[in-house]
Amino acid sequence: MTSETGESRRLAAILRSTAEAIVAVDPSGLVTLINPAAERLFNTPAAAALGRPLGALNPSLTAWLRRAQAETVVQPLVFSLEVQSGHFFSATLSPVQPDEAPLAAPAAGAAPGIGGGWVLVLQDSSQLRRAEEWKAEAIQSATHDLRNPINLMNGALNLLRDSLKHPTTEQKECLAMLRSGLDRMGSLVEQVLNLDQVTGQAEPALAGVDLRRVAEQVTEELRLAAEEKGLVLSFAGPAQAGRVLGDESWLHRAVANLLNNAIKYTPRLGQVRVHYHETDGQAVCEVTDTGPGIPPAAQARLFERFYRVPGETTRRAPGTGLGLAIVKTIVERHSGRVWVSSAEGQGSTFGFAVPLAPAEGAAPLTAGHPTG
């Protein structure tokens, strides 16, 4: 037995035994490999899946593969996929370089090796999602009760400051520390309440929204913040754009959160680009930066509430870990989807897509949660 054959058998054994669903496709998007966990998940035997488009397993995967193929920087794409009603998976779609060996020897009837194609890995995140929802509800309940004490402390701090006619240096430092701490607590409370607002039962105020104009407006509003940091901030989009059915203030907040994050984490003299375009009946907004990038292990958790990427870069940048969770919630309330594409040392792209409003005479859209 050659070492190559032995390696192929070991890889095949790993693929058979792993709990993660794994699917490989060639550059054209045809399935070349599917492990038993993926067969069970999609209720499709390997013989029926091999050689067929990835979208045959789940229609939503067609759009995700196109999104990955459209990236200017080839790097993993991380997103959430609802395979069955209420059953969510954390998905990573990773490129395979042409000179890399296939994951395993192709099964009988399989297409050629996956060199230059893509590998999809799916991990069940339903229990984690439910735990996050329970934790968020508990935190939101406590946050409502924090508002009054914070207001009382702010009033007391202002009274103390005004009573000190000639404060010493130490007193000034103490007042500044108290003010900074209260401001951070207040910011956290407001972020949680913002999340509570967009996750509530009330539907967004639907109207025809020019998302391109919203994205360009947010770019201009944050241009000064970018320039103060020495960043090059640019916007790109078509002259004419369709409309989406949504709440303009919510969508404005979603774009602003993405752009604020990019400005915060991109080093001085870096670049941040906001790009709007339309494809497959979707309005797409993406924010790309030249920041430090995000470790693969952290990418699947970026849109969780209160999650912050471990590391020195995050510690130096103040934040609540709620900005991306708010983006995800807003987009999902507009029947859209969010994603991140990032590699360490190569920057990141955060994006979302929401359906374009139908043409006149077509059936109206309603906002809600995505189906996949």
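Residues numbered from 1 in each chain as written. Predicted model: local features only at pLDDT ≥ 70, side-chain atom pairs only at ≥ 80, totals over all residues. Heavy atoms only, no water.

Comments concerning the side chain of Asn154
Point 1. Positionally, Asn154 belongs in helix H5 (residues 126-163).
Point 2. Separated by 2.5 Å, the side chains of Asn154 and Arg179 make a polar contact.
Point 3. Setting aside its immediate chain neighbours within four residues, Asn154 contacts Arg179 and Leu182. (Helix = DSSP H or I, 4+ residues; strand = E, 2+ residues; numbered from the N terminus. Polar contact = N/O pair within 3.5 Å; in protein donor to acceptor, adjacent residues only side chain to side chain. Contact = heavy atoms within 4.5 Å.)

Some remarks on helix H7 (residues 211-221)
Point 1. If you check which residues of H7 are buried, you get Leu211, Arg212, Val214, Ala215, Val218 and Thr219. Buried residues in H7, looked at end-on, bunch into an arc of 165 degrees, giving them a common side.
Point 2. Between the side-chain oxygen at the start of H7 and the backbone nitrogen of Arg212 there is a gap of 3.1 Å, and the oxygen is on Asp210. (Buried < 20%, exposed > 50% of the residue type's maximum accessible area, 1.4 Å probe, protein only. Arc of directions from axis to C-beta.)

Focus on the pattern of salt bridges
Point 1. A full pass over the atoms with the stated rule returns 9 salt bridges.
Point 2. For Asp162, the salt bridge identified is with Arg161, shortest N-O distance 3.3 Å.
Point 3. Overall, the relative accessible area of 45% leaves Asp162 in the partly exposed class.
Point 4. Note on Arg161: relative accessible area 44%, which makes it partly exposed.
Point 5. A salt bridge links Glu220 to Arg223; the nearest nitrogen and oxygen atoms lie 2.8 Å apart. (Salt bridge = Lys/Arg side-chain N within 4 Å of Asp/Glu carboxyl O.)

Section: helix H9 (residues 248-265)
Point 1. A rise of 1.5 Å per residue sets the reference length of H9, with its 18 residues, at 26 Å; its end C-alpha atoms lie 26 Å apart and thus fit the reference within 8%.
Point 2. Turning to H9, its buried residues are Trp250, Leu251, Ala254, Val255, Ala256, Asn257, Leu258, Leu259, Ala262 and Ile263. (Expected span 1.5 Å × (residues − 1).)

Some thoughts on the packing of aromatic side chains
Point 1. For the coordinates displayed, the defined rule picks out 3 aromatic pairs.
Point 2. The interplanar angle of 85 degrees and the centroid separation of 5.6 Å between the aromatic rings of Trp64 and Trp339 together place this pair among those described as edge-to-face. Of this pair, Trp64 sits in helix H4 (residues 60-70) while Trp339 sits in strand E11 (residues 337-342), and the two are 275 residues apart along the sequence. Each member of the pair, Trp64 as well as Trp339, is classed as buried.
Point 3. For the ring pair Phe303 and Phe350, a centre distance of 6.2 Å and an interplane angle of 70 degrees mean the geometry is edge-to-face. Residue Phe303 is located in the loop between helix H10 (296-299) and helix H11 (312-316), and its partner Phe350 is located in strand E12 (residues 348-355); the two are separated by 47 residues in the primary sequence. Each member of the pair Phe303 and Phe350 is classed as buried.
Point 4. The ring of Trp64 carries Arg337 above its face, with NZ or CZ at 5.0 Å from the centroid. (Phe/Tyr/Trp six-rings, centres within 6.5 Å; stacked < 30°, edge-to-face > 60°. Lys NZ or Arg CZ within 6 Å of the ring centre and 35° of its normal.)

Considering the packing of H7 against H9
Point 1. Running from amino to carboxyl end, H7 crosses H9 at an angle of 45 degrees, the nearest separation of the two axes being 9 Å. Our classification of the angle between H7 and H9 gives oblique. Here H7 runs over H9; the crossing is right-handed. Seen from H7, the contacting residues are Leu211, Arg213, Val214, Ala215, Gln217, Val218, Thr219 and Glu221; seen from H9, they are Glu248, Leu251, His252, Val255, Ala256 and Leu259.
Point 2. Taken together, the residues of the contact of H7 with H9 sort by class into 8 nonpolar, 3 polar and 3 charged. (Axes fitted to C-alpha atoms, helices over the stretch in contact; angles between N-to-C directions. Parallel < 35°, antiparallel > 145°, perpendicular 65-115°, else oblique. Left-handed = near helix turned anticlockwise from the far one by under 90°. Nonpolar A, V, L, I, M, F, W, Y, C, P; charged D, E, K, R; others polar.)

Some points on the pairing of strand E9 (residues 271-279)
Point 1. Where strand E7 (residues 232-236) meets E9, 5 bridges bridge the pair, whose relative direction is parallel. Paired with Leu233 across the bridge in E9 is Val272.
Point 2. Bridge count for E9 against strand E10 (residues 282-289) is 8 bridges, and the pairing is antiparallel. Bridging across to E10, Val272 finds its partner in Asp289. (Pairing = 2+ DSSP bridges.)

Let's talk about unusual backbone geometry
Point 1. Even without a glycine there, the phi angle at Asn43 is positive, about 55 degrees.
Point 2. Along the polypeptide, Asn43 turns up in the loop between helix H2 (36-42) and helix H3 (46-49).
Point 3. Here the phi dihedral of Asp280 falls at roughly 50 degrees; this positive angle occurs in a residue that is not glycine.
Point 4. Counting through the fold element by element, Asp280 comes out in the loop between E9 and E10.

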